[in-house]
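Topology and contacts: notes
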Amino acid sequence: MIEQRIQQQFFESADLLYQAAEQLARPLAMAAQMVVDAITGGNRILCAAHGLAALDADYLAARLAGRFEQERPGLAAWSLAAQARDAAGLDLARLLQAHGHPGDVLVMIEPLREQRDAWSNALAAAHSQEMSVIALTGGATDEWRGLLQDTDIQIRVGHAREPRVVEAQRVLLHALVDAVDVQLLGSDE
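This text gives an overview of the structure that appears in the document. These numbers come from a predicted model, not from an experiment. Along each chain, residue indices are assigned from 1 in the same order as the chain's sequence is written. Under the rules for a predicted model, residues below a pLDDT of 70 receive no local features and side-chain atom pairs below 80 are neither given nor counted, while totals for whole chains, interfaces and linings still include all residues. Only hydrogens and water are set aside; all other atoms, that is, all heavy atoms of the structure, feed into the side-chain values.

**What about the overall build of the chain?**
What counts as a helix is a DSSP run of H or I of at least four residues, what counts as a strand is a run of E of at least two, and both are numbered from the N terminus. Per the secondary structure count, the chain includes 6 helices and 5 strands. Of the regular secondary structure in the chain, the N- to C-terminal order runs α-β-α-β-α-α-β-α-β-β-α. What the globule rule says is 2.2 Å times the number of residues to the power 0.38, and the radius of gyration is computed from C-alpha atoms. The globule rule puts the C-alpha radius of gyration for 189 residues at 16 Å, and the 16 Å found for the chain is close to it. With the principal axes as the frame, the chain shows a C-alpha extent of 55 × 45 × 30 Å. Buried means the residue's accessible area, taken with a 1.4 Å probe over protein chains only, is under 20% of the maximum for its type, while exposed means over 50%, and partly exposed covers the values in between. Sorting the 189 residues of the chain into buried and exposed places 43% on the buried side. Every residue pair with non-hydrogen atoms within 4.5 Å of one another is taken to be in contact. Across the chain, the fraction of contacts at a sequence separation of at least 24, relative to all contacts at a separation of at least 6, is 71%. Counting only carbon and sulfur atoms, one obtains 51% of the accessible surface of the chain, whose full area is about 9,800 Å². Under this rule, positive means Lys or Arg and negative means Asp or Glu; His and the chain ends count for nothing. Every charge is mapped onto a representative atom, which is NZ of Lys, CZ of Arg, CG of Asp or CD of Glu. Counting 15 positive and 26 negative side-chain charges, the chain places the averaged centre of each group 3 Å from the other. All accessibility values rest on the Shrake-Rupley procedure with a 1.4 Å probe; residue burial counts only the protein chains present in the view.

So, in structure tokens, the structure goes:
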């Protein structure tokens, strides 16, 4: 019985990843181009999230500033999630007001819509700083329309279970960094 349940976890994740590959390739390619345009234009990538998703914001910033699969110079990226944790009570809106500049890109990671209200001020701050936004969101329904602008890119994993959304978002982060590297460096294959 438990082995079947474990297998079901893998099957459900694989099914979602297959669907996401078909549905999210285009917006992910657009997001990669947005990141490349920002970096080559002398701007920065600010990664942000709330709760446990902040670990993925840290991870993305580390992969961009460090390396993914190819050696390259570090890219101007950092995690605001790390700063928010270190500065007890400092919210993302204030950090974006302090660090965001026109042309920078905010990559927000929100697996489910639980923090939608908390993002309202942060997204307003990013937009007031003339930043572009890449929103990695999840959930069975899309509840971000009123907070995102037409120029923002939403990459939504349409699933109700948070573990499946988080798994898919990690693959999306890998695909994003790989697409950025390929555009900047060419393929190593």
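Still to come is the rest of the account.
**Quick look at the sheet that holds strand β5 (residues 153-157)**
At least two DSSP bridges between two strands are needed for those strands to be called paired. Here we have 5 strands laid out as an open sheet, ordered β2-β1-β3-β4-β5, and parallel in their pairing. Edge positions in the sheet fall to β2 (77-79) and β5, since each has one partner strand and no second. With direction set aside, neighbouring strand axes in the sheet form an average angle of 15 degrees. Pairing geometry for strand β1 (residues 45-49) and strand β3 (residues 105-110), over 5 bridges, is parallel. The partner of Ala-49 across the bridge, within β3, is Ile-109. Contacting β3, β4 (132-138) and β5, helix α6 (residues 162-185) crosses the sheet at an angle of about 145 degrees to β4. Axis angles are defined between N-to-C directions and span 0 to 180 degrees, where every axis is a line fitted to C-alpha atoms and, for a helix, only to the segment in contact.

Purely geometric numbers; function is a separate question.
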